[in-house]
Amino acid sequence: YQSTYELLQERLRSRIQENDLSVQSDENKEIKNDAVKTQLSTSDLEFFQCDDRSCSSSPLPAKKSIIGLLLEKTDFVIRSDLAAYARFAASDIKNGRKLLVFYPFAESEPGSSKCFSLIIYAQCEICISDLVGLCCYEYARIRRTNSIESVTQYHLLMAEENGEVDRDLPAVDGHRLLNELGACWSTVALEKRQNLNYMGLTNVVVYTISGKQYEFSMDSLDVPLQWLRDQAIKRRIEDEGQDFMSDCPALQEYVLETMNQPNVVLDLNKPISSTASLEFLLLRINSLFCLIYLQYIFFHCLLSS
């Protein structure tokens, strides 16, 4: 027979085992319930979740350049030979020369019988030939047409404010500067030359010791050589910048020679026609002396040998 103590111990062990089993079953139920709740909550969130389009990363529209925007707004491009004269327009109209320019060859505006005209503001220091190009450029820009011939086909005549052209007076020399003309020369007309075609122009070429060459289409050779030299220097500055000009005033003097008569400096006050040549060499004075000295050394070496 078992003692009372042993019976109590056995009874306690059985009770403890029963409690352990019940606790484990309760824990398993809670775990299952939590898993079900988690699944339900996740599915509910997914079901009710809305896409926040404002937070989603969408590609930004590409920025367009100013040139691109302008090209979208226009389908007309001015000819390059005309567009080159746009730089002669006055950037500040207060310091520019105001001109009323008539275009007798152009069609009148719809509903108007007056000759087509434009107000143009030009730089005061440009020559008349550049002003002719500026007038052609402004006409092409405003009328949106390239149906205008080469700039060399036109010249400027004086006109009245009502558009009447004074054809009794000759056209102003294209090599004169605009600021040399008085205030009365502010109303002009752009007309096509009648007695000169493009093929009748004479090409004058100026070479430099750096190998560059500059061509000038001349309607007359009765132009001072000084003008030709100054224009060649101006074109070289446009190509190479101001760096090629020395800071020393004594080294800024340039002269002209004909290509067929080297070492003979031309008188810049004489016209181009006096040289009987159409090809010239632009030389700095100190460069000329260096060339003469090198030639002297060369011939001296030949004679001594």
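Residues numbered from 1 in each chain as written. Predicted model: local features only at pLDDT ≥ 70, side-chain atom pairs only at ≥ 80, totals over all residues. Heavy atoms only, no water.

As recorded in an unreviewed UniProt entry, the chain goes by CRIM domain-containing protein and comes from Brugia pahangi. According to the UniProt record, the Sequence similarities (unreviewed entry) comment for the chain reads "Belongs to the SIN1 family." (UniProt positions renumbered as here; feature names shortened; annotations may be inferred.)

(A) Representation of the overall build of the chain within the structure. Secondary structure summary: the chain contains six helices and eight strands in total. Going from the N terminus to the C terminus, the chain shows its helices and strands as α-α-α-β-β-α-β-β-β-β-α-β-β-α. By the burial criterion, 30% of the 305 residues in the chain qualify as buried. Contacts in the chain between residues at least 24 apart in sequence constitute 65% of all its contacts with a sequence separation of at least 6. (Helix = DSSP H or I, 4+ residues; strand = E, 2+ residues; numbered from the N terminus. Buried < 20%, exposed > 50% of the residue type's maximum accessible area, 1.4 Å probe, protein only. Contact = heavy atoms within 4.5 Å.)

(B) Examining helix α4 (residues 128-143) more closely. Over its 16 residues, α4 extends 22 Å from the first C-alpha to the last, a length consistent with the 22 Å expected when each residue adds 1.5 Å. Burial runs high along α4: twelve of the 16 residues are buried. Turning to α4, its buried residues are I128, D130, L131, V132, G133, L134, C135, C136, Y137, E138, Y139 and A140. Along its buried surface, α4 packs onto α3 (80-83), β1 (97-102), β2 (117-122), β3 (154-158), β4 (187-192) and α5 (225-240). Downstream of α4 by one or two residues, R144 has phi in the positive range, about 50°. (Expected span 1.5 Å × (residues − 1).)

(C) Structural view of the confidence of the model for the chain. Averaged over all residues, the pLDDT of the chain equals 76, while 64% of them reach at least 70. Here residues 40-48 is modelled with pLDDT under 50, and outside its nearest four sequence neighbours on either side it reaches zero contacts, counting other chains as well. (pLDDT = per-residue confidence, 0-100.)

(D) Just the packing of aromatic side chains, in detail. Within this structure, the stated rule accounts for eight aromatic pairs. Between Y85 and F88, the aromatic rings sit 6.0 Å apart at their centres with planes inclined by 45°, giving tilted as the arrangement. With a centroid separation of 6.0 Å and 75° between ring planes, the pair formed by F116 and Y139 is classed as edge-to-face. Here F116 is found in the loop between β1 and β2, whereas its partner Y139 is found in helix α4, with 23 residues between them in sequence. Looking at F116, the relative accessible area reads 4%, which means it is buried. A relative accessible area of 7% means that Y139 is categorised as buried. (Phe/Tyr/Trp six-rings, centres within 6.5 Å; stacked < 30°, edge-to-face > 60°.)

(E) A look at α5. Across its 16 residues, α5 extends 22 Å between first and last C-alpha, which sits within 8% of the 22 Å expected from 1.5 Å per residue. Every buried residue belonging to α5 is among L225, W227, L228, R229, Q231, A232, I233 and R236, and all of these are buried. For α5, the elements touching its buried residues are β5 (202-208), β6 (213-218), β7 (254-258) and β8 (279-284). A positive backbone phi angle near 85° is found at G241, which sits one or two residues after α5.

(F) Structural context of the nonpolar core. Ranked by internal contacts, the top residues of the largest apolar core, which has 32 residues, are Y103, L131, L156, W185 and L190. If you list the elements that add at least two residues to this core, you get β1, β2, α4, β3 and β4. With nine residues, the single largest contributor to this core is α4. Not counting residues within four places of it along the chain, the set of residues in contact with L131 comprises L99, A122, I126, L156, L178 and W185. The next biggest cluster of nonpolar side chains, apart from the first, holds 18 residues, and it includes V206, M218, L225 and L266. (Core = buried A, V, L, I, M, F, W, Y, C linked by side-chain atoms within 4.5 Å.)

(G) Structural context of the pattern of salt bridges. Within the structure shown, the criterion is met by seven salt bridges. E191 is the partner of R167 in a salt bridge, and the nearest nitrogen-oxygen pair spans 2.2 Å. One end of the pair, R167, is in the loop between β3 and β4; the other, E191, is in strand β4, and 24 residues separate them in sequence. Of the residues examined, R167 reaches a relative accessible area of 53% and is grouped as exposed. (Salt bridge = Lys/Arg side-chain N within 4 Å of Asp/Glu carboxyl O.)

(H) Seen up close, the sheet that holds β7. Taking strand neighbours across the sheet as the criterion, the four strands line up as β6-β5-β8-β7 in an open arrangement whose pairing is mixed. Because the sheet does not close on itself, it has two edges, and the strands there are β6 and β7. Across the sheet, the mean angle from the axis of one strand to that of its neighbour is 30°, orientation sign disregarded. In the sheet, β5 pairs with β6 via six bridges, with the strands oriented antiparallel. (Pairing = 2+ DSSP bridges. Axes fitted to C-alpha atoms, helices over the stretch in contact; angles between N-to-C directions.)

(I) How the structure looks around the sheet that holds β4. Here we have four strands laid out as an open sheet, ordered β2-β1-β4-β3, and mixed in their pairing. Each edge of the open sheet is held by one strand with a lone partner, namely β2 and β3. For this sheet, the mean angle separating the axes of adjacent strands, direction not counted, is 35°. Here β3 pairs with β4 via five bridges, running antiparallel. Across the sheet, M158 pairs through a bridge with V188, a residue of β4. Running at roughly 130° to β2, α4 makes contact with β1, β2, β3 and β4 of the sheet.

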